[in-house]
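Each chain, letter by letter, is given below.
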Amino acid sequence: MDIADVPEVPDWLLSHLREQGIEALYPPQAEAVEQGVTRGESLVASIPTASGKTLVATLAMLSAVESRGGMALYIVPLRALASEKREEFEEFEAYGLDVGVSTGNYESDGGWLAGKDIVVATSEKVDSLVRNDAPWLEELSCVVADEVHLVDDAERGPTLEVTLATLRRLNPALQTVALSATIGNAEELATWLDAALVDSTWRPIELRKGVHYGDALHLENGDQQRLPVRRSEDQPAAIVRDTLEEGGSTLVFVNSRRNAESAAGRLASTTEAALTPETETELAALAAEIRDVSDTDTSDDLAAAVERGAAFHHAGLAREHRQLVETAFRDRLVKVICATPTLAAGVNTPARRVIVRDWRRYDGTVGGMTPLSVLEVHQMMGRAGRPGRDPYGEAVLLANGHDELDELFERYVWAEPEPVASKLAAEPALRTHALATVASGFARSRGDLLAFFEETLYAEQTADRAHLRTVTDDVVAYLVTNGFLERTETGLAATGLGHTVSRLYLDPMSAAEVVDGLRSLEEGGEPTALGLYHLVCRTPDMYELYLRSGDEEEYTMLAHERAEELLGRAPSEFEERFEDWLSALKTARLLEDWAGEVDEDELADRYQVGPGDIRGKTDAAEWLLGAAESLSAELDLGVGPAIRRARQRVAAGVRAELVELAEVRGVGRKRARRLFDAGIETPAQLRGADKSVVLAALRDRPNTAETVLENAGHPDPSMTDVEPAADLLPEPGATDESGTDDPDGRGQANLEDF
Ligand code: ADP
C-alpha cells in the first residue's frame, strides 16, 4: 500500500515519511490500515521484531489526534524506552503537535500533561496516574501498549493488564492498539481487547537462525557453514572476525551490564585488528566525544572500547552515550555492540549477525540462573539483518558440546514462542490492584470488584472463575484486617490509610509491615538508620540479598548485637520467617555501609554483588522510606524526621553531614566528601567558594568544577585561568578512581552512573 493511500492521517505525514525513505507500507502495516487502525478500530498487531510496529502505532495515534481530537497515550514497558520513544515522537512537534513524557515520581496526577497530544509513559506510571485521579485520562482517544506480550511477566504484567482494563472502562470509546512480538496466542489478546488482529511472520529481510558449535555454524535449514575458532579466540571473537571479513557488524547479547562491558573489552582486540587508519581516526574522534559526555569510569571504559571499534550498551549508559553508540553502529563505524536485552526491546540497531551469547540469566526470585524464554531469544535474534544492506541476517546461539547443540536447536531455533498468560491471579498482584480499584472508586463492593476483574485477560483465559473469587475474597479479608479497606453497608470502601497506600503505589503488605514496625517503637522512641533500613528491607517491595554459607551465623550474631535497633517482634530461630529476617538484615547492613560512605568496590566485594544491584537496592530503599514517611504522617506516628534523614543518606550514599552538599547536581558522594574535607561544607559555602579550592578538591578537572559551581549557583563559575590550590591536590603518583586506566576494560563505574 502506498503511504499516500492511508486514510485519516494528517497531510504532512506523507512528506515526513518520504523524507525517512518510507514510500510504501510493509505488508503487516497495510493489513493494519485495512483493519481500520487509522479509523479508530482497536487492533492487536503481533509482528516480528524490526518489522515496523512503531509506524502502526504512529498511524493510529496521529489519525486519532487529527480526526477525532483528544489525546494519545503510548505505554512503554521500560523507563529507558520512554525517552527513546519521546524522541521519536518529538519529530512531530515540527508540525504543531505537543509531546510529553511522564516518568518521575508516583505521587502526582501529572496535571501538566493535560492538553498534550501524545504522552509517553510506563504502565506503572499510568497506573499511578489513575490512582491519583488524573482528569485528562478521560480525554484519551487512543492508547498504544508497546510490547504487550509482557502481560505475561509475573512482576509487571498485572499492572499493564489492569491499566488497560481501567483505561477502557474510563473511556469505553477508547481505541486500543496493542503491539506484540510474535507470540503463540495473539488471538486471545485480540478477543480480550475487542480488537482486530494482525498476526504476521513477515519480515523485511530474511532471518536465518542457527547455533555455532565446534568449527561450524549450524543453520536451521540444515546448512553448515565453516567458521573455525582459532586458538587465540573464543566463539564470539571468531564469529565477529568472520563477520568483519564479510564487511558486516555484530550485535552480541549478554545477560548483565558487567558482562556487556567485559565482552566489549575483549572483542575490541578482534575489531581493532580490522580497522583502517581512516576508521581509526574517526573512532578516536568519537571516543573523545564520548569522554566529553561525562567524567566517569563508564565513560572512559566506553571510549577505550570504541577507540578500538567495539562498544557496550546498557540501560546504565547516559542517553548521549547510547545515542553516539547507536549512530556509530548504524554508520558501520563501530563494528560490535555488546548489549543487555534492553537493546532488543526498543532500539533500532540492526546488525548483519546477532550472537545470543547468554541464554540464561540470573533470576533473583529463584536465586539462580534460568533460561530465557523463546520469545526473548527470538526478539534478540530479530535484530539480525539490515534491510537494503544485507542479503539476509543471521542469528546464532553458542554451544559448547554436542548435547548443547541439540538442546539449543530444540529449545530456541525450532521452538515456537510461548503463549502469554495472565499473572493477575497471583496474590500480591491482586492485593495491590484490588485496593487500587476500590480506592480509585472503580469498585464499591465485592461484586463490583469481580465485575472489574472480568474485564481482564485473566478472565478471558480462565473458564473457571472459582479461583479468582476465592483469591479475591482472601485478599479483601486481608485488606480489611489491616485497615486499608472497610466494610460498609453497601459494600467496600477504602480507609484514609488505604487511599494513602494506593497513591504511594505500595504493595499493601509492605505498608502493613512498615506500619507495624513503626508502631512498635516506644512512645518518643527514635528509630536508627539500620532499624529503618531493616524494616523496609523486610517488605515484599524489596529484593533482599541471599544468605551465603557462613552468613547465617554472621547475621544471627549481628541480629543479637543490634536487637535493640530492629523494629517489630523478632522471630525466634525456629520460625520460618527467621531466614527472611536475616536476609533483610544483610540487605540493611549493605545500605548502612553505603550510607556510611564505604567504597562501592568494597561493597561489591563484601556482599558479592554488582554495582547495578547496589543501585537497585538503594533506589528501592529511597522510595520505600519516602513512603514510610508519608505513612508516619498519615498515622501521626511522629517519626518523620528520622525517616527523612535515613532516606536522604541512602539516596546519596553519604553520612549525615554531607546530605545537603551531595544534593547539588553533579556532586555525588565522593566529590561531596572531598569538598567537605577541603572545608566546603554546605551548598551555600560552595556557592561562594574559592574556585582554586574547588578545582583542587575536584582533582583539577576544570569542566567538572565549572558544572558543579554552575549547579550550585556560583556567580562566576568559569575556571579559565584558575589554578588548583596546590596544598589540596593529591600527592603526585597517588591514584584516584577518576584517573586510573582500566587495562582489560572490566572496570566498574561509580554507582551514580548505573
Ligand atoms: P519494531 O518496532 O517492529 O521492532 P520498528 O518500528 O523499529 O520495528 O521498525 C524498524 C525499522 O523499519 C525502522 O528503521 C523503520 O523506520 C523502518 N520501517 C518501518 N516501516 C517501514 C516501511 N514501510 N518502509 C521502510 N522502512 C520502514
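(A) The overall build of the chain, seen in detail. What the chain contains, in helices and strands, is 32 helices and 19 strands. By the compact-globule yardstick of 27 Å for 754 residues, the chain fits well, its C-alpha radius of gyration being 27 Å. Dimensions of the chain along its principal axes, counting C-alpha atoms only, are 75 × 70 × 60 Å. Split into buried and exposed, the 754 residues of the chain put 56% on the buried side. Across the chain, every contact between residues at least 6 apart in sequence was considered, and the portion connecting residues at least 24 apart equals 71%.

(B) Broad picture of the pattern of salt bridges. For the structure shown, the criterion picks out 45 salt bridges. With a closest N to O distance of 3.2 Å, D152 and K423 form a salt bridge. Of the two residues, D152 is situated in the loop between β5 (140–145) and α6 (157–170) and K423 in the loop between α15 (402–413) and α16 (427–439); the sequence distance between them amounts to 271 residues. A relative accessible area of 28% places K423 in the partly exposed class. A salt bridge links R673 to E657; the shortest N-O distance between them is 3.0 Å. With R673 in helix α29 (residues 668–677) and E657 in the loop between α27 (640–652) and α28 (659–662), this residue pair connects regions lying 16 residues apart in the sequence. R673 sits in the buried class, given a relative accessible area of 18%. A relative accessible area of 38% places E657 in the partly exposed class.

(C) Fine view of unusual backbone geometry. Even without a glycine there, the phi angle at D636 is positive, about 60°. Along the polypeptide, D636 turns up in the loop between α26 (611–634) and α27. You will see that R699, though not glycine, has its phi angle at about 60°, which is positive. Structurally, R699 is set in the loop between α31 (691–697) and α32 (702–712). Classification of R699 as partly exposed rests on a relative accessible area of 26%.

Scoring rules and cut-offs
- Numbers given to residues run from 1 along each chain, matching the order in which its sequence is written.
- Owing to the predicted nature of the model, reporting of local features is limited to residues with pLDDT of at least 70; listing and counting of side-chain atom pairs is limited to 80 or more, with chain, interface and lining totals taken over all residues.
- The basis for every side-chain value is the complete set of heavy atoms in the structure, and neither hydrogens nor water enter the calculation.
- Comment: elements are numbered from the N terminus, with helices defined as DSSP H or I runs of at least four residues and strands as E runs of at least two.
- Atoms counted for the radius of gyration: C-alpha only. Globule rule: 2.2 Å times the number of residues to the power 0.38.
- Summary of the burial criterion: residues with accessible area below 20% of their type's maximum are buried, those above 50% are exposed, and those between are partly exposed, where the area comes from a 1.4 Å probe applied to protein chains only.
- The contact criterion used is simple: two residues touch if any of their non-hydrogen atoms lie within 4.5 Å.
- Each reported salt bridge corresponds to a side-chain nitrogen of Lys or Arg within 4 Å of a carboxyl oxygen of Asp or Glu.

Geometric values such as these leave the question of function open.
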